[in-house]
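Structural description and commentary
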Amino acid sequence: MAKKGNRVQVILECTEHKTSGKPGTSRYITTKNKKNTPDRMELKKFNPILNKMTVHKEIK
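The following refers to the structure shown. (Residues numbered from 1 in each chain as written. Predicted model: local features only at pLDDT ≥ 70, side-chain atom pairs only at ≥ 80, totals over all residues. Heavy atoms only, no water.)

1. Here we look at the side chain of E58
As for its position among the elements, E58 is in strand β4 (residues 52-59). When its relative accessible area of 11% is taken as the criterion, E58 is described as buried. When residues no more than four places from it in sequence are discounted, the contact partners of E58 are V10, I11, L12, K32, D39, R40 and M41. (Helix = DSSP H or I, 4+ residues; strand = E, 2+ residues; numbered from the N terminus. Buried < 20%, exposed > 50% of the residue type's maximum accessible area, 1.4 Å probe, protein only. Contact = heavy atoms within 4.5 Å.)

2. Some words on the pattern of salt bridges
Going through the model one piece at a time under the given rule, you end up with five salt bridges. E16 is paired through a salt bridge with K52; the nearest N and O atoms lie 3.6 Å apart. Of the two residues, E16 is situated in the loop between β1 (7-14) and α1 (17-20) and K52 in strand β4; the sequence distance between them amounts to 36 residues. Judged by relative accessible area, which is 31%, E16 ranks as partly exposed. With a relative accessible area of 42%, K52 lands in the partly exposed category. Between E58 and K32 there is a salt bridge; the shortest N-O distance is 3.0 Å. Of this pair, E58 sits in strand β4 while K32 is found in strand β2 (residues 27-33), placing the two residues 26 residues apart along the sequence. (Salt bridge = Lys/Arg side-chain N within 4 Å of Asp/Glu carboxyl O.)

3. Comments concerning the sheet that holds β1
Pairing within the open sheet is antiparallel, and its four strands lie in the order β2-β1-β4-β3. Strand pairing shows two members of the sheet lacking a second neighbour, β2 and β3 (42-47), which therefore form its edges. Going across the sheet, the axis of each strand differs from the next one's by a mean of 45°, ignoring polarity. (Pairing = 2+ DSSP bridges. Axes fitted to C-alpha atoms, helices over the stretch in contact; angles between N-to-C directions.)

4. Quick notes on the packing of aromatic side chains
Under the defined criterion, the tally for this structure stands at zero aromatic pairs. For K45, the ring lying beneath its charged end belongs to Y28, and the centroid distance is 4.6 Å. (Phe/Tyr/Trp six-rings, centres within 6.5 Å; stacked < 30°, edge-to-face > 60°. Lys NZ or Arg CZ within 6 Å of the ring centre and 35° of its normal.)

If you want it as structure tokens, here you go:
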């Protein structure tokens, strides 16, 4: 049986990494409830390549 509900998987990507010039990307996979948060998510997560907390935005 398939899961029911408004919960979907989203990918979060670092916004500061592109401007740093370092190779690679920082991405996280998480879930969100589309009913409660219909707009794009934005969270502070740890970027292991830059070795600091950065803003990660939802991508499609």
